[in-house]
Amino acid sequence: MEALKYVWDGAIPLQIHLHESEVTTLPPPPPALVLAPRIGYLPLLVHLVKPYFSSALPPGADTVWFEYKGFPLKWYIPTGVLFDLLCAEPERPWNLTVHFRGYPGNLLIPCEGEDSVKWSFINSLKEAAYIINGNCKNVMNMSQSDQVDLWQSVMNGNLDAFLRVSSKLKLGKFEDEYSAKTLCSPRSRHGPGEADMGGQMKTGRIPVRLYVWSVNEDFDDFDDVPQLDSWDKISYINRPVEILREEGKYFSLHDAIRTLLPEYFVHQPVINDKTRIEGEEEQRVASEDAISNRSTEEGLETTEQSEPPATAISSNAELKIVRIQGIEPKLEIPFSWVVNNLMNPEHFLHICVCLKVP
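Predicted, not measured: the structure shown is a model, and the values here were computed from it. (Residues numbered from 1 in each chain as written. Predicted model: local features only at pLDDT ≥ 70, side-chain atom pairs only at ≥ 80, totals over all residues. Heavy atoms only, no water.)

1. Re the overall build of the chain
We apply this condition: Numbering of helices and strands starts at the N terminus; helices are DSSP runs of H or I of at least 4 residues and strands are runs of E of at least 2. In this scheme, a residue with accessible area under 20% of its type's maximum is buried, one over 50% is exposed, and one in between is partly exposed, where area comes from a 1.4 Å probe on protein chains only. Here the accessible surface of atoms and residues is derived via Shrake-Rupley with a 1.4 Å probe, and residues count as covered only by protein chains that are part of the display.
Along its length, the chain carries 13 helices and twelve strands. Sorting the 358 residues of the chain into buried and exposed places 49% on the buried side. A total accessible area of about 17,900 Å² is found for the chain, and carbon and sulfur atoms account for 51% of it.

2. Describing the packing of helix α6 (residues 144-156) against helix α7 (residues 159-166)
Heads up, the rule is: Simply put, an axis is a line fit to the C-alpha atoms, just over the touching stretch for a helix, and the angle between two N-to-C directions goes from 0 to 180 degrees. Small angles under 35 degrees read as roughly parallel and large ones over 145 as roughly antiparallel, with 65 to 115 read as roughly perpendicular and the rest as oblique. Here is the rule for handedness: rotate from the far helix to the near one, and if that takes an anticlockwise turn smaller than a right angle the crossing is left-handed, while a clockwise turn gives right-handed. The criterion used for residue contact is that any of the two residues' heavy atoms lie within 4.5 Å.
With their axes 8 Å apart at the nearest point, α6 and α7 run at an angle of 150° to one another. Of the possible angle classes, the one that applies to α6 and α7 is roughly antiparallel. The two elements α6 and α7 cross, and the hand of that crossing is left-handed. Contact residues: α6 offers D146, D149, L150, S153 and V154, while α7 offers A161, F162, V165 and S166.

3. Looking at a negative patch on the surface
This is how it is decided: Patch construction takes residues with relative accessible area above 30% that form no salt bridge. Like charges are linked within 9 Å, and nonpolar side chains (Val, Leu, Ile, Met, Phe, Trp, Tyr) are linked within 5 Å. Any Lys or Arg side-chain nitrogen found within 4 Å of a carboxyl oxygen on Asp or Glu counts as a salt bridge. As used throughout, the charge tally considers Lys and Arg to be positive and Asp and Glu to be negative, leaving His and the chain termini uncounted. By convention, charge coordinates are those of NZ in Lys, CZ in Arg, CG in Asp, or CD in Glu.
Residues E89, D220, D221, D223 and D224 make up a contiguous surface patch of negative charge. By the element assignment, E89 lies in the loop between α3 (79-86) and β5 (94-99). Residue class for E89 comes out partly exposed when judged on its relative accessible area of 38%.

4. Some words on the sheet that holds strand β4 (residues 71-72)
Selection criterion: Pairing between two strands requires that DSSP report at least two bridges joining them.
Read across the sheet, five strands follow the order β2-β1-β5-β3-β4 without closing on themselves; strand pairing throughout is mixed. The sheet terminates laterally at β2 (32-37) and β4, the two strands that pair on one side only. On top of the sheet, α3 reaches β1 (11-18), β2, β3 (65-68), β4 and β5; it is set at about 120° to β5, its chief contact.

5. Points about helix α13 (residues 335-342)
With seven of eight residues buried, α13 is to be regarded as a mostly interior element. Among the residues of α13, those classed as buried are F335, S336, V338, V339, N340, N341 and L342.

6. A few points about the packing of aromatic side chains
Stated formally: Working definition: rings of Phe, Tyr and Trp (its six-membered ring) pair if their centres are within 6.5 Å, and the pair is stacked with planes under 30 degrees apart, edge-to-face with planes over 60 apart, and tilted otherwise.
Per the stated rule, a full pass over the model turns up nine aromatic pairs. Aromatic side chains W75 and Y76 sit 5.5 Å apart centroid to centroid with 90° between the ring planes, which places their arrangement in the edge-to-face category. Look at Y76 and you get partly exposed, because its relative accessible area is 30%. When the centroid spacing of 6.0 Å and the interplanar angle of 70° are considered together, the rings of F251 and F335 count as edge-to-face. Within this pair, whereas F251 is found in the loop between β9 (241-242) and α9 (253-260), its partner F335 is found in helix α13, the two being separated by 84 residues in sequence.

7. A look at the pairing of β3
Here β3 shows a buried face lined by W65 and E67 and a second buried face lined by F66 and Y68. The pairing of β3 with β5 spans three bridges and is antiparallel. Following the sheet pairing, F66 is matched in β5 by V98. Sheet analysis places β3 next to β4, joined by two bridges and oriented antiparallel. What sits directly across from E67, in β4, is P72. Between β3 and the antiparallel strand that follows it, β4, lie two residues; K69 among them carries a positive phi value of about 55°.

8. Looking at α6
Keep this limit in mind: Multiplying 1.5 Å by the helix residue count minus one yields the expected span of that helix. Here the arc refers to the set of directions running from the helix axis out to each C-beta atom.
For α6, spanning 13 residues, the distance from its first C-alpha to its last is 18 Å, which sits close to the expected 18 Å at 1.5 Å a residue. By the burial criterion, the buried members of α6 are D146, Q147, L150, W151, S153 and V154. Buried residues of α6, seen end-on, are gathered within an arc of 155° and therefore sit on one face of the element. Those residues of α6 that are exposed and aimed more than 90 degrees away from the buried face are Q144 and N156. The inward-facing, buried residues of α6 contact α1 (2-9), α4 (114-133) and α7.

9. A look at the side chain of Q325
The condition is simple: Pairs of N or O atoms are called polar contacts if they sit within 3.5 Å, as long as, within protein, a hydrogen donor faces a hydrogen acceptor (for residues adjacent in sequence, only side-chain-to-side-chain pairs).
You can see Q325 is positioned in the loop between β11 (317-323) and α13. Looking at Q325, its side chain comes within polar contact range of the main-chain oxygen of L342, at 3.1 Å. If near-sequence neighbours (up to four positions away) are discounted, Q325 is found in contact with V7, R38, D84, L342, M343 and N344.

10. Some points on the pattern of salt bridges
Counted according to the given criterion, the structure contains eight salt bridges. The partner of D62 in a salt bridge is K50, and the shortest N-O contact between them spans 2.5 Å. With a gap of twelve residues between them, D62 in the loop between α2 (46-53) and β3 and K50 in helix α2 connect regions that are remote in the sequence. Here D62 falls in the partly exposed class, since its relative accessible area comes to 30%.

This is how it looks when you write it as structure tokens:
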């Protein structure tokens, strides 16, 4: 519970400026200072921001959107994920610009305020339930009052209320190999699909959303990371991860990223108590595999299933940043612990990755 509380209490201080083209008063209004929940969404801040700037706005219908250094922000991505992805060196306060006119419909899908955000959240929850349980009946069959309570708990950052309602969805927790090893409790060990002590089912399929930002320049300091100026430079991978277990080994965060990006990673053994992949070897990737695996899906599956022996790194591509919920966890951490403690309320784990490629 301690880690979950940190996630739910996490917030980002924002300094929000009204775009100069929409200022109709002199002097222009000072920026608004807002504390934005990491698990929240930018459109949910409009009720705080609009009254602050209302006296300076030109006439017309509101079409609210936010940008960062001229870069329009996708409203359906959680605020904390946007911050982790776009600020390699965390900027506090985070300086954003708000627009009330000129919605860039060619770059962003339409947003009708809170209703659109709620619709997106529920759809993501259905998708996560389908990945975990093989169906989304429990989400589809939620009562109207439970839907309202669930959404209000996310809006208000109320973890206790969220857990009360979400427990009815029976998505459960995943087997935590770290806790099992630490506690040495035989009763805490379950195979995929087995019920835990509370009767909730556990699974090996994890809903993951991976955001990959590829850069060509090398950097040693976050201040030197190239500025991101287009969503075209970000690969969005919406793919479940299946936890694969071998006797005496555990499935790590490194293993999960390797399965999500097979076109970049050479085969490496699963990290366990006896085997650790350290230094550069832990974070290197191979561009030769990227070229061969990208050719066809069939070829990719063949590469995955054949399980070749560990291969020497053959390129200078490199995993530079892996960030989840504002932290950069060690790659050898058990993936089950990451999922149970760092996932977002819609039951997706959001991972931001910066990858240096040749």
